[in-house]
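Here are the chains, one letter per residue:
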Amino acid sequence: MDDIKLLLFLQEKYNKVEENNKILKDNSYIKILSKMKEDFNKLKKEYINGKSELENIRKKYKVLNEEIEELRKGVDEDEYILYNKCGNDLKMINTLQEEIESKNKKINEKEKEVMSMLEKEEKLSKEVSTAENILKKIKHEFNSYKGSVENKLHAAKEELKTYEKEMSSIRSKLPSDILEDFDYIKSQKKVAVALLQNGVCAGCKIKVSSLTIDELNKKSGIVHCDNCGRILWKED
Ligand SMILES: [Zn+2]
């Protein structure tokens with residue numbers, strides 16, 4: 001293979017190494033993951049609070065219902081006495097009637113409370129279940145994002161190893177003076193080999209002289225761009 005082709009391959013490998021190093025150095029995923037975690041923890045706190053509030057409401061609801069039942073039993077008993085045991089005892093009749101009225105009033109109040117509690121319970125229960133679904137979603141997204149980042153980093157590391165091997169194999173096939181030339185230009189310009197297209201160097205975007213083009217067409221050795229000094233390469 002021509003030296004220039006080898007240099008081109010070598011340059012391509014260096015470009016890929018650079019791309020992979022960029023991927024490996026890119027830490028933006030840490031920020032994204034910690035933001036996801038933050039959102040998750042915030043929502044989880046709300047979810048736990050909502051759940052415990054819901055539990056309290058259900059407990060209170062149960063107590064209220066028991067109290068209502070107790071009051072109703074009391075009313076039934078009072079009414080039984082009122083209709084069966086009072087005879088003509090007006091004082092007793094009055095007391096019982098007042099007692100029944102007061103208990104019914106309490107029952108009414110407690111039933112109202114039960115109603116408002118049921119509304120609250122319904123609303124809160126919806127909120128808690130929505131939060132639960134969002135939490136599941138965030139967790140899933142977190143894990144899948146983390147997995148994809150880990151895969152990407154792993155692949156980049158593995159590719160780097162391959163590139164290193166390929167690069168050293170290419171280098172071993174090149175004469176040392178050409179390698180020195182290549183390494184020097186690369187250290188100055190990052191990209192040492194530039195494609196010549198329609199007489200223009202792709203490295204500096206400037207037209208090269210016809211002399212340089214003639215040299216390149218002869219294919220007799222390494223030719224540099226008149227302007228930027230990069231090693232020129234031309235497609236056959
Ligand atoms: Zn140039």
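Everything below is about the structure shown above.
Notes on the structure follow. None of the values given here were measured: they were computed from a predicted structure.

Concerning the overall build of the protein
And then number 1: When helices and strands are tallied, the protein shows 5 helices and 3 strands.
And then number 2: Along the protein, helices (α) and strands (β) appear in the sequence α-α-α-α-β-β-α-β when read from the amino end.
And then number 3: Rg of the C-alpha trace for the protein: 42 Å, well past the compact-globule value of 18 Å for 236 residues, more than 25% over.
And then number 4: Based on the C-alpha atoms only, the size of the protein along its principal axes is roughly 135 × 35 × 25 Å.
And then number 5: Taking all 236 residues of the protein together, 30% fall into the buried category.
And then number 6: The long-range fraction of contacts in the protein, counting pairs at least 24 apart against all pairs at least 6 apart in sequence, stands at 72%.
And then number 7: Of the roughly 16700 Å² that the protein leaves accessible, carbon and sulfur atoms contribute 51%.
And then number 8: On the protein, the mean spot of the 47 positive side-chain charges and the mean spot of the 46 negative ones are 4 Å from each other.

Re the coordination of the zinc ion
And then number 1: Taken together, the protein donors to the zinc ion comprise Cys201 (SG), Cys204 (SG), Cys225 (SG) and Cys228 (SG), at separations of 2.2 to 2.4 Å.
And then number 2: One can describe the donor arrangement at the zinc ion as tetrahedral, given that its 4 donor atoms subtend angles of 104 to 114° at the metal.
And then number 3: Each donor residue of the zinc ion lies on the same chain, and together they follow the pattern C-x2-C-x20-C-x2-C. Residue Cys201 is located in strand E2 (residues 200-201), and its partner Cys225 is located in the loop between helix H5 (210-218) and strand E3 (231-233); the two are separated by 24 residues in the primary sequence.

Focus: the sheet that holds E2
And then number 1: If you walk across this open sheet you meet the 3 strands as E2-E1-E3, and the pairing is mixed. The open sheet is flanked by E2 and E3, the only strands paired with a single partner.
And then number 2: The pairing of strand E1 (residues 193-197) with E3 spans 3 bridges and is parallel. In the sheet register, Val193 faces E3, and the bridge partner there is Ile231.
And then number 3: Together, E1 and E3 form the strand contacts of helix H1 (residues 3-25), whose direction differs from that of E3 by roughly 105°.

A closer look at the packing of aromatic side chains
And then number 1: Enumeration according to the criterion identifies 1 aromatic pair in this entry.
And then number 2: Measuring from centroid to centroid gives 5.9 Å for Tyr14 and Phe182, while their planes differ by 35°, and the two rings are tilted. With Tyr14 in helix H1 and Phe182 in helix H4 (residues 176-189), the pair connects residues that are 168 residues apart, well separated along the chain.
And then number 3: Tyr14 gets classed as buried once you look at its relative accessible area, which sits at 19%.
And then number 4: Sitting over the ring of Tyr14, Lys186 keeps its end group 4.0 Å from the ring centre.

Side note on the side chain of Thr212
And then number 1: Within the fold, Thr212 resides in helix H5.
And then number 2: Taking the relative accessible area as the measure of exposure, Thr212 reaches 7% and is therefore buried.

Some thoughts on the pattern of salt bridges
And then number 1: Overall, the coordinates contain 14 salt bridges when judged by the stated rule.
And then number 2: Residues Asp39 and Lys35 are paired through a salt bridge, measuring 3.0 Å at the closest nitrogen-oxygen approach. Of this pair, Asp39 and Lys35 both sit in helix H2 (residues 28-84), 4 residues apart, which is roughly one turn of the helix.
And then number 3: The class of Lys35 is partly exposed, set by a relative accessible area of 45%.
And then number 4: As a salt-bridge pair, Arg58 and Glu121 come within 2.8 Å of each other at their nearest N and O atoms. With Arg58 in helix H2 and Glu121 in helix H3 (residues 90-172), this residue pair connects regions lying 63 residues apart in the sequence.
And then number 5: Residue Arg58 is classed as partly exposed on the basis of its relative accessible area, which comes to 43%.
And then number 6: Salt bridges linked by common partners bring Asp78, Glu99 and Lys103 together as one network.

Analysis parameters
Residues numbered from 1 in each chain as written. Predicted model: local features only at pLDDT ≥ 70, side-chain atom pairs only at ≥ 80, totals over all residues. Heavy atoms only, no water. Helix = DSSP H or I, 4+ residues; strand = E, 2+ residues; numbered from the N terminus. Rg over C-alpha atoms; globule rule 2.2 N^0.38 Å. Buried < 20%, exposed > 50% of the residue type's maximum accessible area, 1.4 Å probe, protein only. Contact = heavy atoms within 4.5 Å. Areas by Shrake-Rupley, 256 points an atom, 1.4 Å probe, with all protein chains shown as cover. Lys, Arg positive; Asp, Glu negative; His and termini not counted. Charge placed at Lys NZ, Arg CZ, Asp CG, Glu CD. Donors = N, O, S within 2.8 Å, 3.2 Å for Na, K, Ca; no water. Tetrahedral: all angles 85-135°; square planar, octahedral: opposite > 155°, others 65-115°. Pairing = 2+ DSSP bridges. Axes fitted to C-alpha atoms, helices over the stretch in contact; angles between N-to-C directions. Phe/Tyr/Trp six-rings, centres within 6.5 Å; stacked < 30°, edge-to-face > 60°. Lys NZ or Arg CZ within 6 Å of the ring centre and 35° of its normal. Salt bridge = Lys/Arg side-chain N within 4 Å of Asp/Glu carboxyl O.

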